[in-house]
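Descriptive analysis of the structure
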Amino acid sequence: MKNDNLSFVMKEFELKKQLHEVQSNIKNGVYTIDDLGSILPAAIIMHDLNNRQPVGVSYMNDWGCERLGSSATEINSIGDDYYEKYFVREESLRAFVGISQYLENEDFSKQYSFFQRVKLHNATDFKWFYSICKIFQINENAVLSEKMVVLSSPVEGVSGIIAKVNNVLDENIYIKNNY
């Protein structure tokens with residue numbers, strides 16, 4: 001159990017470090033999102049925003065597309081069915097609440113992170129991923145626009161821990177709402 005916790009802490013630290021580097025390099029024009037998407041061993045998804053609400057996927061790197069057996073265009077074409085097809089509904093709803101709060105708080109020096117299970121292409125079981133989302137300013141044709149970038153990486157060996165944490169969170173929400 002200690003090795004699983006240490007492994008997760010190291011993975012979380014590495015993801016946050018990568019996300020910070022991504023943000024700095026994109027904002028400073030050192031790299032494009034596609035440059036970074038080709039070298040990071042994680043799914044990178046860039047969401048377009050309208051009034052700071054996600055409205056579509058404008059980019060997903062090859063690593064993410066290969067894992068899902070899909071493309072950003074296909075994801076946009078299936079709309080909300082994307083979440084039903086690839087994710088566990090309850091976990092998606094929990095992530096939506098957290099992302100909404102993150103966007104409402106408007107402190108984009110921080111990021112929002114969450115666990116989710118993902119149904120990979122041609123897989124029978126879901127696989128756990130740790131995801132971090134952050135608002136970025138992206139230079140598009142000499143104009144800065146805000147995008148929400150999600151960096152999602154597989155997490156090995158912590159499925160039991162994550163399930164227990166999610167159960168405790170669900171119980172606390174139930175108690176809070178009903179007692």
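Computed from a predicted structure; not experimentally measured. (Residues numbered from 1 in each chain as written. Predicted model: local features only at pLDDT ≥ 70, side-chain atom pairs only at ≥ 80, totals over all residues. Heavy atoms only, no water.)

Bringing the overall build of the protein into the picture now. A count of helical and extended segments in the protein gives seven helices and five strands. Per-residue burial over the protein gives 39% buried out of 179 residues. Looking at the protein alone, contacts between residues at least 24 apart form 49% of all its contacts between residues at least 6 apart. Carbon and sulfur atoms provide 50% of the accessible area of the protein, an area that totals close to 10,800 Å². (Helix = DSSP H or I, 4+ residues; strand = E, 2+ residues; numbered from the N terminus. Buried < 20%, exposed > 50% of the residue type's maximum accessible area, 1.4 Å probe, protein only. Contact = heavy atoms within 4.5 Å. Areas by Shrake-Rupley, 256 points an atom, 1.4 Å probe, with all protein chains shown as cover.)

This part takes up the sheet that holds strand S4 (residues 126–140). On the basis of which strands lie adjacent, the open sheet formed by five strands has the order S2-S1-S5-S4-S3 and antiparallel pairing. Looking at the sheet topology across the chains shown, the edges are occupied by strand S2 (53–60) and strand S3 (112–119). On average, adjacent strands in this sheet sit at an angle of 35 degrees to one another, irrespective of strand direction. Set on the sheet, helix H6 (residues 89–105) makes contact with S2, S3, S4 and strand S5 (143–154); between it and S3 the angle comes to about 155 degrees. (Pairing = 2+ DSSP bridges. Axes fitted to C-alpha atoms, helices over the stretch in contact; angles between N-to-C directions.)

Before going further, it helps to examine the pairing of S2. Where strand S1 (residues 43–50) and S2 come together, six bridges link them in antiparallel fashion. Directly across from Leu49, in S2, lies its bridge partner Pro54. Connecting S1 to the antiparallel partner S2 that follows it, the hairpin turn spans two residues, and Asn51 within it adopts a positive phi of roughly 55 degrees.

When you line up the elements, Ser131 lands in strand S4. Here Ser131 falls in the buried class, since its relative accessible area comes to 0%. Not counting residues up to four positions away in its chain, the partners in contact with Ser131 are Tyr112, Ser113, Phe114, Gln116, Val150, Leu151 and Ser152.

On to the environment of Asn28. Among the structural elements, Asn28 can be located in the loop between helix H1 (2–27) and helix H2 (33–37). On the basis of relative accessibility, which here comes to 59%, the residue Asn28 falls in the exposed class. Residues Asn28 and Ile138 lie 110 residues apart in sequence; the distance between their C-alpha atoms is 9.3 Å.

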